[in-house]
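Each chain, written out:
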Amino acid sequence: MNNPKMILVKHTAEFARQAADIFADTLRKKPDCLLGLATGTTPLPLYRELIARYRRGELDFSRARTANLDEYLGLAPNDVQSYSHFMNENLFDHINIKRENILLLNGMAKNAEAECRRYENTIHDWGGVDLQLLGIGQNGHIGFNEPADAFILQTHLIKLAEDTRRANAKLFKALHEVPTQALTLGCGTIFAARKILLLAAGQNKAEILARAFYGTVTPQVPASLLQLHPDVTIIADEQAGEEIRKHLLLEDRAM
Ligand code: F6R
């Protein structure tokens, strides 16, 4: 078992700064790196910080590539609820990334299986993910890999868990508008990333974060697979880090 690097921060500014430093480091070492990106509310302060650094001339995305984690099935890229739209609005439209270097899943693909294969093949052809950004669902999902009896390794079509739909309804007008299915990178493809950065913010992530990194490795808590990865950094704010902090204190005492 590998120990993830835990960074527990007090303020949102610090949260964004620490995460952006890891992105900056990856971009400096490998300007043509492949960045795996996430949507949701957690990475928003990071994306704002990346945009600010780009505007100050500190970051250059001109050779970088990106691949997003997931997309709702049935939503077109220009749908305001789609993850394509989210990424354009919150990051891509504000930095110097080339459109041909952005990989997104097409939620309107007629053949979901072929679309998943295209995605896997492109990531492979692009040399694999150098830095994978992740959030964590309250049920332990990463990407849209929901709790299951086995880890699904490759990009696939998934039925969203009801608690995920409820959690994500905050960005829709009503629960019935939240799609029931999505395309997601598989656990194996996420695990194959050279470096993983998982962000967690808010009280509602405290318990699952501790279960994922101090509990049993099980597909019932998909994020727990990351315990086996050699290079994981977790950045948690004060609320999300509450339970983790207890484990760290116990480990300190035991030493
Ligand atoms: C988003 C994604 C999800 C989210 C997770 C947390 O692309 O893959 O796994 O990271 O649901 O979402 P937030 O950040 O909204 O709490």
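**Examining the sheet that holds strand β6 (residues 131-134)**
Spatially, 7 strands are ordered β1-β10-β9-β6-β2-β3-β5 in an open sheet, and the strand pairing comes out parallel. Two strands in the sheet have a free side with no partner beyond their single neighbour: β1 (5-8) and β5 (102-103). Pairing of β1 with strand β10 (residues 232-236) involves 4 bridges; the strand directions are parallel. Counted as the bridge partner of Lys5 is Thr233 from β10. Along the sheet face, helix α7 (residues 206-214) touches β1, β9 (195-200) and β10 and points at about 160° away from the line of β10.

**A few points about the site of the ligand**
Taken together, the neighbourhood of the ligand is formed by 14 residues, with Thr42, Asp70, His141, Gly143 and Lys205 sitting nearest. In the model, an oxygen atom of the ligand is placed 2.5 Å from a nitrogen or oxygen of the Asp70 side chain. Contacts to the ligand include Lys170, whose side-chain N or O atom sits 3.5 Å from an oxygen atom. Expressed as a share of its isolated accessible area of 410 Å², the protein-covered part of the ligand is 94%. Classifying every residue of the shell around the ligand by side-chain character gives 3 nonpolar, 8 polar and 3 charged.

**Section: the pairing of strand β8 (residues 181-184)**
As judged from the 3 bridges shared by strand β4 (residues 70-72) and β8, these two strands associate in the antiparallel manner. Within β8, the position partnered with Glu71 by the bridge is Leu183. Bridge count for strand β7 (residues 156-159) against β8 is 4 bridges, and the pairing is antiparallel. For Ile158, the partnering residue across the bridge sits in β8 and is Ala182.

**With respect to the packing of aromatic side chains**
All told, the structure shown has 4 aromatic pairs when counted by the stated rule. Judged by centre distance (4.8 Å) and plane angle (45°), the ring pair of Tyr72 and Tyr83 falls under tilted. Residue Tyr72 is found in strand β4, and its partner Tyr83 is found in helix α3 (residues 83-90); the two are separated by 11 residues along the sequence. Grouping residues by exposure puts Tyr72 and Tyr83 together as buried. Ring geometry for Tyr72 versus Phe172: centroids 5.6 Å apart, planes at 80°, classification edge-to-face. Of the two residues, Tyr72 sits in strand β4 while Phe172 sits in the loop between α5 (162-168) and β8, which places them 100 residues apart along the sequence. Among the aromatic residues, those joined into a cluster by ring pairs are Tyr72, Tyr83, Phe144 and Phe172.

Rules used in this analysis
- Residues numbered from 1 in each chain as written.
- Predicted model: local features only at pLDDT ≥ 70, side-chain atom pairs only at ≥ 80, totals over all residues.
- Heavy atoms only, no water.
- Pairing = 2+ DSSP bridges.
- Helix = DSSP H or I, 4+ residues; strand = E, 2+ residues; numbered from the N terminus.
- Contact = heavy atoms within 4.5 Å.
- Axes fitted to C-alpha atoms, helices over the stretch in contact; angles between N-to-C directions.
- Near = heavy atom within 4 Å.
- Polar contact = N/O pair within 3.5 Å; in protein donor to acceptor, adjacent residues only side chain to side chain.
- Areas by Shrake-Rupley, 256 points an atom, 1.4 Å probe, with all protein chains shown as cover.
- Nonpolar A, V, L, I, M, F, W, Y, C, P; charged D, E, K, R; others polar.
- Phe/Tyr/Trp six-rings, centres within 6.5 Å; stacked < 30°, edge-to-face > 60°.
- Buried < 20%, exposed > 50% of the residue type's maximum accessible area, 1.4 Å probe, protein only.

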